[in-house]
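Next come the chains, spelled out residue by residue.
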Amino acid sequence: MEKLKNYIDGILIAPFSNNYINSYDPATGEVFTMLPDSDNEDVELAVKSAENAFPHWSSLSAEKRAEYLLKIAGLIKNNIEKFASAESRDNGKPVQLARSVDIPRAVKNFEFFASAVTQFSSESHHTGTDILNYTLRQPIGIAGAISPWNLPLYLFSWKIAPALAAGNCVIAKPSEVTPLTAYMLSEICIEAGLPNGVLNIIHGYGHKAGSAIVSHPEVKAITFTGGTKTGKDIASVAGPMLKKISLELGGKNPVIIFNDCKYDEMLETTVRSSFTNQGEICLCGSRIFAEKDIYEKFKTDFVKKVKALKTGDPLNADTDIGAIVSKQHYEKILYYIDLALKDGGKILCGGNPVELKGRCKSGWFIEPTVIEGLDHNCRANQEEIFGPVVTIMPFENEEEVLQKANSTEYGLASVIWTNDLSKAHRVSANIHSGIVWVNCWMVRDLRTPFGGMKNSGVGREGGLEALRFFTESKNVCIKI
Ligand code: NAD
């Protein structure tokens, strides 16, 4: 069985401990690769190599750094099929989704930040006639990047690309649940001739390798995407060390459907915003509020469409819903379905594990599930399930739906469906989320700020926000 390696100082290397972690194919339930169980020693070596690489890397022109990023983007693009099938096997997502979204967007991340850094500028302020202030934006040094399993390469590259573009060296850790495409990225970086030590990829558990990165005094900034509890743990270590932190955390996103929306478009998109990637996208809408007059029609049409979704082998081209990423997560989702039933919910469709035949007979699959009849305050409506489960609820008016939509601890994304322009602006302004989509979902412009409020995160990533995060600003004041 293949054993993955860490990527440190430009080479692929086994962990010091020589211990490995099993990595499962969620569609079959079988171990298909092993990843390093890294610890402090591996992180220490990575920090040393990043320290050595920093003076050269940070002194390169933005154009030169951009060339490396473009080389990496090009090599991923040339291997898109290989990356897509690896992502699908590792995560359980349909291969057609990895091919059309995950991998192309990872390529885009490198391309976008290669271009963005060459456009990055800083301010100057004239004070009176004889004073000039200008701001230098200089790389921080070594940045730590820690990412989750749901969009493995997509989110990994979302952090690495801006950090490198801004002139930092990076120590990055992918999720131990989905290490494969991060490993393939290290092979690509070697092929691209990225100077040794500029990017180091360490595999392993969060509480060992991850926390060694977070607590290392030479790692000056931490960008993290993952669960809210982990984010709080990381903040409790990085905060007192006065590190820069950017936290992209969990969500419980509302979808608000008003009577006056473009119905067919809303219906089509709401199926996607509920169940794409088995509902394992932090931006998926999991609480659907439909205005009273449209509720029954929406319920009937929505359930019909959801029942038509095909759950199956992620490697089949016609599969809509693939496997749940791990046994542990599969059990968590089933637990919440059960909880919803106990709290008085009625399952309109789904609600059960799916047993497939052949290759996938031992895989972790759950039917796309729609539940109604729950109070907006119950646990299934307040806590993040992060699976193919949505609840639907009717509402009477704007005030009521805003109150219910805003009632959770989270504030990542929301979706509003209406043709009334004033209402769209009003609700957008009053909803508690960092990202609002009106009459669309998952449309991304990489220049826009990305992130959540409340327990969904701290700081924003994307575009200039990311380049600002990965640089230290220094004001120079000159008397002329
Ligand atoms: P997780 O928090 O369990 O793990 C995320 C990463 O953190 C992994 O690489 C893990 O190894 C590492 N980690 C765990 N404990 C650590 C510690 N103490 N110190 C340092 N690193 C540690 O999250 P997950 O289960 O992999 O991902 C799912 C979660 O991610 C969901 O809550 C989802 O909403 C969230 N998410 C948020 C966004 C966003 O942009 N806001 C995007 C995707 C996923």
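Predicted, not measured: the structure shown is a model, and the values here were computed from it.

Participant: Hey, could you run me through the overall build of the protein in this one?
Facilitator: For the protein, the count of helices and strands is 15 helices and 22 strands. In summary, the protein has a C-alpha radius of gyration of 23 Å against a globular reference of 23 Å for 480 residues, a match within 12%. Along the three orthogonal principal directions, the C-alpha set of the protein runs to about 65 × 65 × 40 Å. A burial count over the protein gives 58% of its 480 residues as buried. Sequence separation of at least 24 residues holds for 75% of the intrachain contacts in the protein that already meet a minimum separation of 6. Of the accessible surface of the protein, which amounts to about 18900 Å², a share of 52% is contributed by carbon and sulfur atoms. In the protein, 51 side chains carry a positive charge and 56 a negative one; their mean positions are 1 Å apart.

Participant: Explanation requested: the nonpolar core in the structure shown.
Facilitator: As a rule of thumb, nonpolar side chains are buried together in soluble globular proteins. Core analysis: the biggest nonpolar cluster contains 126 residues, and I76, L185, L199, L283, F298, F302 and V370 have the highest contact counts within it. Among the elements that line this core, the one with the most residues is helix 4 (residues 95-119), at 13 residues. Each of domain 1 (6-249 + 456-479) and domain 2 (253-446) accounts for three or more of the residues forming this core. Other than its neighbours up to four places away in sequence, L199 contacts Y7, I160, L164, V170, A172, C189 and L194. By size, the runner-up hydrophobic cluster in this structure holds 15 residues, among which are L339, I371, A380 and I385.

Participant: Could you clarify how one ought to interpret empty space enclosed by the protein in this entry?
Facilitator: To locate leftover empty space, one rolls a probe as large as a water molecule over the atoms. Evaluation of the coordinates by the stated rule reveals five cavities of 30 Å³ or more. When its volume is computed, the largest cavity comes out at roughly 110 Å³. In terms of lining, the largest cavity is formed by 15 residues, of which the most central are G279, I281, C284, S286 and F386. Split into classes, the residues belonging to the lining of the largest cavity amount to six nonpolar, seven polar and two charged. Volume-wise, the second largest cavity comes out at about 90 Å³. Lining of the second largest cavity is provided by L151, Y154, L155, W158, C282, L283, M442, R444 and F450.

Participant: Quick question: what am I supposed to make of the pattern of salt bridges here?
Facilitator: Scanning all chains against the criterion turns up 28 salt bridges. With a shortest N-O distance of 2.6 Å, R99 and E81 are connected by a salt bridge. Of this pair, R99 sits in helix 4 while E81 sits in helix 3 (residues 80-91); the two residues are 18 residues apart in sequence, bridging distant segments of the chain. Beyond isolated ion pairs, a larger network of salt bridges with shared partners links D25, R89, D313 and R359.

Participant: Honestly, the environment of L339 in this entry has me stumped. Any pointers?
Facilitator: Mapping L339 onto the fold places it in helix 11 (residues 327-342). Among the residues examined, L339 registers a relative accessible area of 14% and is labelled buried. Once the C-alpha coordinates of L339 and K3 are considered, the two residues, 336 residues apart in sequence, prove to be 39 Å apart.

Participant: Looking at this model, I keep getting lost on the side chain of T311. Mind explaining?
Facilitator: Tracing the backbone through its elements, the reader meets T311 in the loop between helix 10 (292-307) and helix 11. Apart from residues no more than four positions distant in its own chain, T311 is found in contact with I321, G322, V354, L356, F365, I366 and P368.

Participant: Even after reading the chapter, I still don't get the environment of G451, so can you show me in this structure?
Facilitator: By the secondary structure assignment, G451 is in the loop between strand 19 (435-438) and strand 20 (453-454). Assessed through its relative accessible area of 0%, G451 is described here as buried. Considered as a pair, G451 and G411 are 40 residues apart in the sequence and their alpha carbons are 9.0 Å apart. In contact with G451, other than residues within four places in its own chain, are E248, L412, G434, I435, G459 and R460.

Participant: How should I be thinking about the layout of surface pockets in this particular structure?
Facilitator: As a volume, the largest pocket reaches approximately 1400 Å³. Those elements that place two or more of their residues in the lining of the largest pocket are strand 3 (20-25), helix 7 (206-215), strand 10 (219-225), helix 8 (228-238) and helix 11. Here the element with the most residues in the lining of the largest pocket is helix 8; it accounts for six residues. Looking at the lining of the largest pocket residue by residue, the class counts come to 19 nonpolar, 18 polar and nine charged. If you add up the space inside the second largest pocket, you get close to 330 Å³. Lining the second largest pocket are 19 residues, and of these L97, R272, F275, T276 and N277 lie nearest its centre. Every element with two or more residues in the lining of the second largest pocket is listed here: helix 4 and helix 9 (263-275).

Participant: I'm lost on the packing of aromatic side chains in this one. Help?
Facilitator: The way to describe two aromatic rings as a pair is by their centre distance and the angle between their planes. The full count for this structure, using the stated rule, is 11 aromatic pairs. Note on W57 and Y68: the rings are 5.6 Å apart at their centroids and 50 degrees apart in plane angle, and the pair reads as tilted. Linking W57 in helix 1 (residues 40-59) with Y68 in helix 2 (residues 62-78), this pair joins segments that are 11 residues apart in sequence. Both residues of the pair, W57 and Y68, count as buried. The interplanar angle of 20 degrees and the centroid separation of 6.4 Å between the aromatic rings of F275 and F302 together place this pair among those described as stacked. Of this pair, F275 sits in helix 9 while F302 is found in helix 10, placing the two residues 27 residues apart along the sequence. Exposure class is identical for F275 and F302. Each is buried. Here the aromatic cluster, defined as three or more aromatic residues joined through ring pairs, consists of F112, F113, W158 and F450.

Procedures and definitions
- Residues numbered from 1 in each chain as written.
- Predicted model: local features only at pLDDT ≥ 70, side-chain atom pairs only at ≥ 80, totals over all residues.
- Heavy atoms only, no water.
- Helix = DSSP H or I, 4+ residues; strand = E, 2+ residues; numbered from the N terminus.
- Rg over C-alpha atoms; globule rule 2.2 N^0.38 Å.
- Buried < 20%, exposed > 50% of the residue type's maximum accessible area, 1.4 Å probe, protein only.
- Contact = heavy atoms within 4.5 Å.
- Areas by Shrake-Rupley, 256 points an atom, 1.4 Å probe, with all protein chains shown as cover.
- Lys, Arg positive; Asp, Glu negative; His and termini not counted.
- Charge placed at Lys NZ, Arg CZ, Asp CG, Glu CD.
- Core = buried A, V, L, I, M, F, W, Y, C linked by side-chain atoms within 4.5 Å.
- Domains from an automatic or database assignment.
- 1 Å grid on protein atoms, 1.4 Å probe; cavity = no way out; pocket = protein on both sides within 12 Å on 5 of 7 lines; lining within 4 Å.
- Points joined across faces, edges and corners; volume = space filled by probe spheres on them.
- Nonpolar A, V, L, I, M, F, W, Y, C, P; charged D, E, K, R; others polar.
- Salt bridge = Lys/Arg side-chain N within 4 Å of Asp/Glu carboxyl O.
- Phe/Tyr/Trp six-rings, centres within 6.5 Å; stacked < 30°, edge-to-face > 60°.

Function cannot be read off these values alone, since they describe shape.
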